[in-house]
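Structural description and commentary
Chain by chain, the residues:
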There are 2 protein chains.
Amino acid sequence: MRTMEWKNNCLVMIDQRRLPWEEVWVELEDEHAVAAAIRDMTVRGAPAIGVAAAFGMALAARRIPATGRDEFLGQMEAAGRVLRGSRPTAVNLAWAVERVLRAVRAVVGPADALAEAALFAAQRMADEDVEINRHMALNGAALVRDGDTIIHHCNTGALAAVDWGTALGVVFMAHQQGKRVHVLLDETRPRLQGARLSAWELERAGISYEVIVDGASGYCMRTGKVNIALVGADRVAGNGDTANKIGTYNLALAAQDNGVPFFVVAPISTVDLSLKSGDEIEVEQRDGEEMHSSYGARLYPAHFKVRNPAFDVTPARLIAGIVTENGIARMPYRESLAGMVAKA
Amino acid sequence: MRTMEWKNNCLVMIDQRRLPWEEVWVELEDEHAVAAAIRDMTVRGAPAIGVAAAFGMALAARRIPATGRDEFLGQMEAAGRVLRGSRPTAVNLAWAVERVLRAVRAVVGPADALAEAALFAAQRMADEDVEINRHMALNGAALVRDGDTIIHHCNTGALAAVDWGTALGVVFMAHQQGKRVHVLLDETRPRLQGARLSAWELERAGISYEVIVDGASGYCMRTGKVNIALVGADRVAGNGDTANKIGTYNLALAAQDNGVPFFVVAPISTVDLSLKSGDEIEVEQRDGEEMHSSYGARLYPAHFKVRNPAFDVTPARLIAGIVTENGIARMPYRESLAGMVAKA
């Protein structure tokens, strides 16, 4: 399932806030609309927002009046800042923006040639993303055996990418290889991506699953057979510390206490070797409204005080391996990850 | 705040399902109404459902026609089975029923004397519960210092008991002693008792707090100063393994990983020395509807598959101490708990 594409000079994407109730596709016409869609989580998932931002740059490029090259590049950089500011934790958002800028800078020619280069770069990134995810899925599927029960956090399926996904991409691939799997899906408060998006994707794919509340992961591992934990990542530091959706660290602790191997599935674009450790990762604090209410339904009074970090950092010591498109990084992560980044 | 009382030959209690939106008090007239109120969680919290069940026995006793003693006792035992069946995990529910039965059996006289004994026993248990909770709160408050941040799961305040509460009783006592505390409240999916009931109680008491999603406890401990974790219990096995609301085990793991001492606050009536370990504790599996919907608001489609265990078991090795009305039990728990039970 391809969840975003370029059509009629617009970026068309599925509105993830309307799922699982209805399948609505939205058309975005400029970088501000893309930044807003990233911020309000019409689109979410690290690879997906990277590609969306790249298309946002292509949209910006089309709308810049035919001015001089320097002014054009200056306006592209301004568009990049708008897009980068929409979600501070995701490293591949900045990476995607930078990559389009590089492609544009490499072209000598009139404004429409530069705009063409931006669009070409974005489309190439979308296609590459699908290819990268397919490779990650193949690498990860080797860890999954017939009959396994997998535990999973948030949503990391095709909705989180352009197609396939990261951790759920591994599940889809294992399923396609004929392995019978059962997936325990953390609901993933506050936005319930596990219950709303991952369950929706597994329903569509005909894969066996059960949604559990986030607090039940330890109980399920202690009392039942769980073979492997698979999660995505928003940012991986050089030492393997991994930022991912809030609750991932708690899941990793529960996995460790029950001897369940905990794997991160993330493309190389998520790896940020410039960060020595997870302590350097900025964690986005989101508005409390998404805790007080769930898609319009009020859960508790708006004046009740809340604290709403969007991500946490799982220390590398809790991670059995980091599955990338270039192989599975293992401890010590610094060397192993650097090797994979060099191959990319 | 006294949350249940005997009035006009009825048991009157606050309807916890309507909080925090409205303060509605319900009148229950017989044991079936009490069992239903326990099952549908109009009343919840281990001490509270114990006392409610005792009053349920008193209500049953009043309605038994003036028959022979054996038949009277037989009908009381039948009422006890109805009440005990309403929540299988809570040991003090069975304990409360048994205690009223014993009080009735000890009386020789006509049916109304037996009924009188049942009511007297129930009222005494309610008064004792308040006294026990006050003692627990005092014992626990000694662990809390001025300026501490406390992390907490579910609801364990006056709503969970007749007054004071268990873990939150400690918070109220520390506050009353003039210690400034800040409390991080796990939301506690699926029923959100932390966000709805604990926040409501702390708002009323003017105690500083923030609600967090259950998955954020690890993040909050890793990135901020958290001094102590306090939770209640539905059942404590002889070795100290503790059954409590689902998510407690995950919180205990996060506390351990961050060096935060994790204390259980529970009355002796919660301790079941007959259980060798937590493996023998039956964990109630509840209907999935309370995951799909939250008090009328649909969160995700009813056909999405879910698994909904109501409790988990935290292994004794993760517990720094068990605060009871007779002191704080410490490792090794078997001896320490047995000593406290003997004093009760």
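Our subject is the structure that appears above.
Everything numeric in this text was worked out from a predicted model, so none of it was measured. (Residues numbered from 1 in each chain as written. Chains lettered and ligands numbered in written order. Predicted model: local features only at pLDDT ≥ 70, side-chain atom pairs only at ≥ 80, totals over all residues. Heavy atoms only, no water.)

Below, the discussion takes up the overall build of chain A. The number of helices and strands found in chain A is 11 helices and 16 strands. The principal-axis extents of the C-alpha atoms in chain A amount to approximately 65 × 50 × 40 Å. Across the 344 residues that make up chain A, the buried fraction comes to 65%. Sequence separation of 24 or more characterises 74% of the internal contacts of chain A that already satisfy a separation of 6 or more. Element-wise, carbon and sulfur atoms account for 49% of the exposed surface of chain A, whose accessible area totals about 11,800 Å². Between the centroid of the 37 positive side chains of chain A and the centroid of its 42 negative side chains there is a distance of 3 Å. (Helix = DSSP H or I, 4+ residues; strand = E, 2+ residues; numbered from the N terminus. Buried < 20%, exposed > 50% of the residue type's maximum accessible area, 1.4 Å probe, protein only. Contact = heavy atoms within 4.5 Å. Areas by Shrake-Rupley, 256 points an atom, 1.4 Å probe, with all protein chains shown as cover. Lys, Arg positive; Asp, Glu negative; His and termini not counted. Charge placed at Lys NZ, Arg CZ, Asp CG, Glu CD.)

This paragraph deals with the layout of surface pockets. All names here are of chain B. Considered as a void within the structure, the largest pocket measures approximately 300 Å³ in volume. Every residue lining the largest pocket is counted, 18 residues in all, and those nearest its centre are Trp95, Arg99, Ile132, Ile268 and Ser269. At the level of secondary structure, the elements contributing two or more residues to the lining of the largest pocket comprise helix H2 (46–63), helix H4 (91–105) and helix H5 (111–141). Here the lining of the largest pocket is composed, by residue class, of 11 nonpolar, 3 polar and 4 charged. (1 Å grid on protein atoms, 1.4 Å probe; cavity = no way out; pocket = protein on both sides within 12 Å on 5 of 7 lines; lining within 4 Å. Points joined across faces, edges and corners; volume = space filled by probe spheres on them. Nonpolar A, V, L, I, M, F, W, Y, C, P; charged D, E, K, R; others polar.)

Both copies of the chain are related by a screw-like operation: a rotation about an axis and a shift along it. Its rotation angle being 180 degrees, the transformation that places chain B on chain A also includes 0.0 Å of axial translation and leaves an RMSD of 0.0 Å. Accordingly, the operation relating the two chain copies is best matched by a two-fold axis. Taking C-alpha positions as the reference, the residue of chain B nearest the rotation axis is B:Ala297, at 2.8 Å. Interface overlap between copies is the fraction of interface residues in one copy that are interface residues in the other; for chain B against chain A it reaches 100%, indicating a shared surface. (Least-squares fit on C-alpha atoms with pLDDT ≥ 70 in both.)

Residue and element names in this part refer to chain A. In space, the 3 strands of this open sheet follow the order S1-S2-S3, with antiparallel pairing throughout. Looking along the sheet, the strands with just one partner apiece sit at the ends: strand S1 (4–7) and strand S3 (25–28). On average, adjacent strands in this sheet sit at an angle of 25 degrees to one another, irrespective of strand direction. (Pairing = 2+ DSSP bridges. Axes fitted to C-alpha atoms, helices over the stretch in contact; angles between N-to-C directions.)

Next up on the list: the packing of aromatic side chains. Scanning the entire structure with this criterion turns up 2 aromatic pairs over all chains. With 5.7 Å between their ring centres and 20 degrees between their planes, A:Trp6 and A:Phe55 make a pair best called stacked. Taken together, the positions of A:Trp6 in strand S1 and A:Phe55 in helix H2 (residues 46–63) put the pair 49 residues apart, joining distant regions of the chain. Taking relative accessible area as the criterion, A:Phe55 reaches 2% and is therefore assigned buried. For B:Arg222, the ring lying beneath its charged end belongs to A:Tyr249, and the centroid distance is 5.5 Å. The ring of B:Phe311 has B:Lys245 sitting right over it, with the charged end atom 4.6 Å from the ring centre. (Phe/Tyr/Trp six-rings, centres within 6.5 Å; stacked < 30°, edge-to-face > 60°. Lys NZ or Arg CZ within 6 Å of the ring centre and 35° of its normal.)

Turning our attention to the side chain of B:Ser86. All names here are of chain B. Mapping Ser86 onto the fold places it in the loop between helix H3 (69–84) and H4. Only 2.6 Å separates the side chain of Ser86 from the backbone oxygen of Leu83, close enough to count as a polar contact. Every residue in contact with Ser86, bar those within four places of it in the chain, is listed here: Ala35, Ile38, Arg39 and Leu93. (Polar contact = N/O pair within 3.5 Å; in protein donor to acceptor, adjacent residues only side chain to side chain.)

The next subject is the packing of helix H1 (residues 31–39) of chain B against H3(B). Helix-helix packing: each pair is described by the crossing angle between the helix axes and the interaxial distance. All names here are of chain B. It is the contact of H1 with H3, at a shortest axis distance of 8 Å, that shows an interaxial angle of 15 degrees. Our classification of the angle between H1 and H3 gives roughly parallel. Where H1 crosses over H3, the handedness of that crossing is right-handed. Along the contact surface, H1 presents Glu31, His32, Val34 and Ala35, while H3 presents Ala79, Val82 and Leu83. (Parallel < 35°, antiparallel > 145°, perpendicular 65-115°, else oblique. Left-handed = near helix turned anticlockwise from the far one by under 90°.)

Attention shifts here to the interface of chain B and chain A. Contact residues are listed per partner, giving 55 residues for chain B and 55 residues for chain A. With both chains or domains summed, chain B and chain A bury close to 4,600 Å², and 59% of this area falls on carbon and sulfur atoms. Contact with chain A buries area across many residues of chain B, yet B:Tyr219, B:Phe304 and B:Arg307 alone supply 16% of it, more than any other trio. At the boundary of chain B and chain A, one finds 6 salt bridges. Along the contact surface separating chain B from chain A lie 30 residue pairs in polar contact (both at pLDDT 80 or more). Looking at the side of chain B that touches chain A, the elements that each hand over two or more residues are helix H7 (193–205), strand S6 (208–212), helix H8 (217–223), helix H9 (248–257), strand S13 (297–298) and strand S14 (311–314) of chain B. Top element by residues in the side of chain B that touches chain A is H8(B). It accounts for 6 residues. Within the side of chain B that touches chain A, the residues separate by chemical class into 31 nonpolar, 10 polar and 14 charged. (Buried area = accessible area lost by both parts, 1.4 Å probe. Salt bridge = Lys/Arg side-chain N within 4 Å of Asp/Glu carboxyl O.)

So, on to helix H6 (residues 167–176) of chain A. Residue and element names in this part refer to chain A. Of all 10 residues in H6, 8 are buried, a share of seventy percent or more. Of the positions making up H6, those classed as buried are Ala167, Leu168, Gly169, Val170, Val171, Phe172, Met173 and Ala174. Along its buried surface, H6 packs onto helix H5 (111–141), strand S4 (149–152), strand S5 (182–186), helix H7 (193–205), strand S7 (228–231) and strand S10 (262–265). Immediately beyond the C-terminal end of H6, within one or two residues, lies Gly178, with a positive phi of roughly 90 degrees.

Residues and elements named next belong to chain B. Where burial is concerned, most of strand S2 (residues 10–14) is hidden: 5 out of the 5 residues are buried. Both faces of S2 are covered, namely the face carrying Cys10, Val12 and Ile14 and the face carrying Leu11 and Met13. As consecutive antiparallel partners, strand S1 (residues 4–7) and S2 are separated by 2 residues, and within that stretch Asn8 has a phi angle of approximately 50 degrees, a positive value.

Residues and elements named next belong to chain A. Reading across the sheet, the 4 strands line up as S11-S8-S9-S14 and stay open at both edges, with mixed pairing between neighbours. Looking at the sheet topology across the chains shown, the edges are occupied by strand S11 (271–272) and strand S14 (311–314). With 4 bridges connecting them, strand S9 (residues 242–245) and S14 associate as antiparallel partners. Note that in S14 the partner of Ala243 across the bridge is Val313. Sheet strands touched by helix H9 (residues 248–257): S9 and S14. Its angle to S14, the strand with the most contacts, is close to 35 degrees.

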